[in-house]
Amino acid sequence: MKPPILLIIMMTVISGTMIVLTSSHWLMVWIGFEMNTLAIIPILMKKSNPRAIEASTKYFLTQATASMILMMGVAINLLYSGQWTLSKTLHPAASTMMTIALAMKLGLAPFHFWVPEVTQGIHMSSGLILLTWQKIAPLSILYQISPAINPNLLLPMANASVLIGGWGGLNQTQLRKILAYSSIAHMGWMVAITLYNPTMMVLNLTIYITMTSTTFMLFMYSSSTTTLSLSQTWNKTPLVTSLILTLMLSLGGLPPLSGFIPKWMIILELTKNEMIIMPTLLAITALLNLFFYMRLTYTTTLTMFPSTNSMMMKWKFDSTKKMILLPPLTVISTMLLPITPLLSILD
């Protein structure tokens, strides 16, 4: 794809999300979602091959269905309230339809099936956009309508997402699929807290986007797409290997790394709201995620080939991939825990 065309498409994707973020009118929100969906398709098909085309088609069909359901919810709300405003009070039927539409857009269980398939079929850089930037717009609408959402619908979806996000990733060897299931689980955590403290969801989203972006960048830098290719990075780029180790543990939510902050604060907030079973289930199912992160850590850094170093040494050229943001992103993704008291004050 030529740079000017790519720039125009990227600007359309950003504009679509910004329209959703800044609108107070349901029609403008819907238009923003449509702009975003139509502009992201060429980015997903950047490397044109049958798998990328199939993945883009799946993504388009899912997002188009979600947009249709969202518009139907908006129409029902308009019928009963007579207004297009993005208000805190919604008709129960409209609220249910909008929640289902946003869950489809986010890839929450039981509407999660498209996420691993689409992520696996596209290029790493497209996957990075899909699993980070594309989550902002639906979550912003969820944030705004959170007082009107039915908890009996959203909380089971959140719990199922964390469970499926952990379970689905257990037997995977493809890194993109592992990150897709990781995304489903993280969405579950964010949605679980939306009803009680939406600001906490924004904090979780920020840390999630930082950690996922850094992970994708490291995988692109080391040209790894499977656990097998990742297990050979120790011989090529030892520093990147050790960074992947800490990032995997951070994504798993182990203290004293940054990934522990959102999990800790969400469990704390849910317990303050006199919920015991929900945070317990979330914490137990998060162990499944931790298991496959630990497996990646094990294959990357704790195993060595049963041969001499000179035999396995790959030719080392200077990398042509310039990842300027990698050092600051790595620091943010791993060392934010000491500023947690400040974050809780802001909250």
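About the thresholds
- Residue positions within a chain follow its written sequence, with the count starting from 1.
- This being a predicted model, a pLDDT of at least 70 is required before a residue's local features are given, and a value of 80 or more before pairs of side-chain atoms are given or counted; all residues contribute to the totals for chains, interfaces and linings.
- Hydrogens and water molecules were not included; the side-chain quantities draw on all heavy atoms of the structure.
- Ring pairs are drawn from Phe, Tyr and Trp, using the six-membered ring of Trp, whenever the two centres fall within 6.5 Å, and their geometry is named by plane angle: stacked under 30 degrees, edge-to-face over 60, tilted for the rest.
- Under the DSSP-based scheme used, a helix requires at least four consecutive residues in state H or I and a strand at least two consecutive residues in state E, with every element numbered from the N terminus.
- Only protein chains enter the accessibility calculation, which uses a 1.4 Å probe; a residue is then buried when its area is under 20% of its type maximum, exposed when over 50%, and partly exposed in between.
- As a reminder, the over-ring test applies to NZ of lysine and CZ of arginine, requiring each to be within 6 Å of the ring centre and within 35 degrees of the ring normal.
- Residues are called lining when one of their atoms sits within 4 Å of a cavity or pocket point, these points coming from a 1 Å grid over the protein atoms alone, where a cavity is a set in which a 1.4 Å probe fits but cannot get out and a pocket is an open set with protein on both sides within 12 Å along at least five of seven lines.
- Grid points are joined across faces, edges and corners, and a volume is the space filled by probe spheres set on the points.
- For salt bridges, the criterion is a side-chain nitrogen of Lys or Arg within 4 Å of an Asp or Glu carboxyl oxygen.

K.L.:
Requested: an account of the packing of aromatic side chains, with residues and values cited.
P.N.:
For any pair of aromatic rings, the description rests on two quantities: the centre-to-centre distance and the angle between the ring planes. Under the counting rule described, the total for this entry stands at three aromatic pairs. Centroid distance Phe260 to Trp264: 5.5 Å. Interplanar angle 15°. Geometry classified as stacked. With a gap of four residues between them, Phe260 and Trp264 both fall in helix α13 (residues 260–272), about one helical turn apart. Taking the relative accessible area as the measure of exposure, Trp264 reaches 39% and is therefore partly exposed. Both rings, one in Phe292 and one in Tyr293, keep their centres 5.0 Å apart while their planes meet at 55°; by these two values the pair is tilted. The exposure class assigned to Tyr293 is buried, which follows from its relative accessible area of 1%. Over the aromatic face of Trp189 sits the side chain of Lys263, whose NZ or CZ is 5.2 Å from the ring centroid.

K.L.:
Which residues make up the layout of surface pockets, and what values go with them?
P.N.:
Here the largest pocket defines a volume of roughly 250 Å³. Along its surface, the largest pocket is lined by Leu6, Met10, Val13, Ile14, Ile43, Lys46, Ser125, Leu128, Ile129, Trp133 and Met220. Looking at the lining of the largest pocket, the elements with two or more residues in it are α1 (3–22) and α6 (124–131).

K.L.:
For the pattern of salt bridges, give the residues involved together with the corresponding values.
P.N.:
Under the criterion given, the structure shown has three salt bridges. The salt bridge partner of Glu54 is Lys58, with a shortest N-O separation of 2.9 Å. Taken together, the residues span about one helical turn, with Glu54 and Lys58 both in helix α3 (residues 50–81) at a distance of four residues. Note on Lys58: relative accessible area 29%, which makes it partly exposed. Among the charged side chains, a salt-bridge network with shared partners connects Glu54, Lys58, Glu117 and Lys177.

K.L.:
Pulling in residues and values, what's your account of empty space enclosed by the protein?
P.N.:
Using the criterion set out here, one finds two cavities of 30 Å³ or more in the structure. Taken as a whole, the largest cavity spans an internal volume of roughly 100 Å³. Lining the largest cavity we find 13 residues, and of these Asn36, Tyr59, Gln63, Gln134 and Pro138 sit closest to its centre. Put simply, the parts of the chain that give the lining of the largest cavity at least two residues each are α2 (26–44), α3 and α7 (136–144). Of all the elements, α2 adds the most residues to the lining of the largest cavity, at three residues. A volume near 50 Å³ is recorded for the second largest cavity. Together, Ala185, His186, Trp189, Leu251, Gly252, Lys263, Ala286, Asn289 and Tyr293 line the second largest cavity. Looking at the lining of the second largest cavity, the elements that each hand over two or more residues are α9 (175–194) and α14 (277–301).

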